[in-house]
Amino acid sequence: AQSVTQLGSHVSVSEGALVLLRCNYSSSVPPYLFWYVQYPNQGLQLLLKYTSAATLVKGITGFEAEFKKSETSFHLTKPSAHMSDAAEYFCAVTKGSSNTGKLIFGQGTTLQVKP
Amino acid sequence: DVKVTQSSRYLVKRTGEKVFLECVQDMDHENMFWYRQDPGLGLRLIYFSYDVKMKEKGDIPEGYSVSREKKERFSLILESASTNQTSMYLCASTRSGSVAKNIQYFGAGTRLSVL
């Protein structure tokens, strides 16, 4: 069965510092992987996706993530945090094969950016 | 621009009431989903629909039902609201296609309080 684990429910960084949000997954079939961001009082929006092409994927607002099959990881990074990055971030993996259209979401990581 | 609209941002209901949460998408998407979001638990799938008048149970369907009479509208129904259904409810939609069906577009959410 597929699952997603996000390490750390809260991450705090200073403005300008590196952002690293961790995501590990388990899947018995080749997965698609996603990062979504949720700003306060809003729904989720897609940040970036891995769909079996390039293992390093870039998203909106300067974030990127690398699919590492050997480590079953899909960590999200950004070289320099901005105050506007403060939000909750969710990692997700396709449930079953990619044909189901269903996702399994991690527990979420709240990113705090300090001035 | 893609749009998923949930009819209410905040809702307060009494225990035992029948509650309707409405979701409309304007993208002609085939697939629609209802999730609930709780702190520390991420998003959990309640029900989904691949077509008009079609519905399938997700991971936590107990106490909920759904209706999809038109392609653009997907309703979540709490037959007899209980306090443990106090939560944030998120609607999402996707179009068909091997990759596209996994890219979910979310509404802003309805925060339901059951007293």
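This text follows the structure it describes.
Presented here is an overview of the structure given in this document. Computed from a predicted structure; not experimentally measured. (Residues numbered from 1 in each chain as written. Chains lettered and ligands numbered in written order. Predicted model: local features only at pLDDT ≥ 70, side-chain atom pairs only at ≥ 80, totals over all residues. Heavy atoms only, no water.)

1. Some thoughts on the packing of aromatic side chains
Going by this rule: Pairing of aromatic rings covers Phe, Tyr and the six-membered ring of Trp, with a centre-to-centre limit of 6.5 Å; geometry is then stacked below 30 degrees between planes, edge-to-face above 60, and tilted otherwise. Only DSSP runs of H or I reaching four residues or more are called helices, and only runs of E reaching two or more are called strands; each is numbered from the N terminus. Only protein chains enter the accessibility calculation, which uses a 1.4 Å probe; a residue whose area is less than 20% of its type maximum is buried, one above 50% is exposed, and one in between is partly exposed.
Scanning the entire structure with this criterion turns up 14 aromatic pairs over all chains. Consider the rings of A:Tyr36 and B:Phe106, whose centres lie 5.6 Å apart with planes at 80°: the pair is edge-to-face. Of this pair, A:Tyr36 sits in strand E4 (residues 33-38) while B:Phe106 is found in strand E10 (residues 105-106), placing the two residues in two different chains. Assigned by exposure class, A:Tyr36 and B:Phe106 land together as buried. Judged by centre distance (6.1 Å) and plane angle (25°), the ring pair of B:Phe33 and B:Phe48 falls under stacked.

2. A few points about the interface of chain B and chain A
Selection criterion: Working rule for contacts: check all heavy atoms of both residues, and any pair within 4.5 Å makes them a contact. Using a 1.4 Å probe, buried area is obtained as the accessible area two parts lose upon being combined, added over both of them. Salt bridge, as used here, is a side-chain nitrogen of Lys or Arg placed within 4 Å of a carboxyl oxygen of Asp or Glu. Two N or O atoms form a polar contact when they lie within 3.5 Å of each other; inside protein one atom must be a possible hydrogen donor and the other a possible acceptor, and for residues adjacent in sequence the pair counts only when both atoms belong to side chains.
In this assembly, 23 residues from chain B lie in contact with 24 residues from chain A. Summed over both partners, the interface of chain B with chain A buries about 1800 Å², with 52% contributed by carbon and sulfur atoms. At the junction of chain B with chain A, the criterion picks out one salt bridge. Two residues, B:Asp59 and A:Lys95, come together in a salt bridge whose shortest N-O distance is 2.7 Å. The interface formed by chain B and chain A includes five residue pairs in polar contact (both at pLDDT 80 or more).

3. Brief notes about the environment of B:Thr15
Residues and elements named next belong to chain B. Assignment of secondary structure puts Thr15 in the loop between strand E2 (10-13) and strand E3 (19-25). Sequence-wise, Thr15 and Ser80 are 65 residues apart; in three dimensions their C-alpha atoms are separated by 7.1 Å. Sequence-distant contacts of Thr15, that is, excluding residues within four places in its chain, are made with Ala81, Ser82, Thr83, Val114 and Leu115. Looking at Thr15, its side chain comes within polar contact range of the main-chain oxygen of Leu115, at 2.8 Å.

4. Here we look at the environment of A:Ser28
Residues and elements named next belong to chain A. With respect to the helices and strands, Ser28 occurs in the loop between strand E3 (19-26) and E4. Overall, Ser28 belongs to the exposed group, its relative accessible area being 62%. When the C-alpha atoms of Ser28 and Lys95 are compared, they prove to be 9.8 Å apart, with 67 residues separating the residues in sequence.

5. Here's the deal with the nonpolar core
Basically, it comes down to this: Within this scheme, the nonpolar core is defined by two criteria: the residues are buried Ala, Val, Leu, Ile, Met, Phe, Trp, Tyr or Cys, and they are joined through side-chain atoms within 4.5 Å.
Core analysis: the biggest nonpolar cluster contains 28 residues, and A:Leu21, A:Trp35, A:Leu48, A:Phe74, A:Leu76, A:Tyr89 and A:Leu111 have the highest contact counts within it. Excluding its chain neighbours within four sequence positions, the residues that come into contact with A:Phe74 are A:Cys23, A:Leu33, A:Phe34, A:Trp35, A:Leu48, A:Lys49, A:Tyr50, A:Val57, A:Ala65, A:Glu66 and A:Phe67. One finds B:Val4, B:Trp34, B:Val66 and B:Cys91 within the second-largest nonpolar core, a separate group that totals 21 residues.

6. Observations regarding the sheet that holds strand E1 (residues 3-7) of chain A
All names here are of chain A. To keep things clear, this is the line we draw: Strands qualify as paired when DSSP identifies two bridges or more between them. Structural elements are reduced to axes, namely lines fitted to C-alpha atoms, with helices fitted over the stretch in contact, and the angle between N-to-C directions of any two is expressed from 0 to 180 degrees.
Strand order in the open sheet formed by five strands is E1-E3-E8-E7-E6, with antiparallel pairing between adjacent strands. Two strands bound the open sheet, and with one partner strand each, they are E1 and strand E6 (56-58). When strand polarity is set aside, the average angle formed by the axes of neighbouring strands in this sheet is 20°. Of the pairings in the sheet, the one linking E6 to strand E7 (residues 64-68) comprises three bridges and is antiparallel in character. Bridge assignment links Val57 to a residue of E7, and that residue is Ala65.

7. A look at the state of the cysteines
Residues and elements named next belong to chain A. To keep it simple, the criterion reads: Here, two cysteine sulfur atoms that lie within 2.5 Å of each other are counted as a disulfide.
Inspection of the entire model under this criterion finds two disulfides over all chains. Paired through a disulfide, Cys23 and Cys91 show a sulfur-sulfur distance of 2.0 Å. Between Cys23 and Cys91, the S-S dihedral sits near -65°, and the bridge is therefore left-handed. Of this pair, Cys23 sits in strand E3 while Cys91 sits in strand E9 (residues 87-94), and the two are 68 residues apart along the sequence. With respect to burial, Cys23 and Cys91 carry one shared label: buried.

8. Notes on the pairing of E9(A)
Residue and element names in this part refer to chain A. Burial runs high along E9: seven of the eight residues are buried. The pairing of E4 with E9 spans six bridges and is classified as antiparallel. Bridge pairing in E9 places Val37 opposite Tyr89. Inspection of the sheet shows E9 paired to strand E11 (residues 109-114) by three bridges, in the antiparallel sense. Looking at the pairing, Glu88 lines up with Thr110 of E11. Here E9 runs beside strand E10 (residues 103-105); their pairing, made up of three bridges, is antiparallel. Considered in E10, the bridge of Ala92 is made with Phe105.

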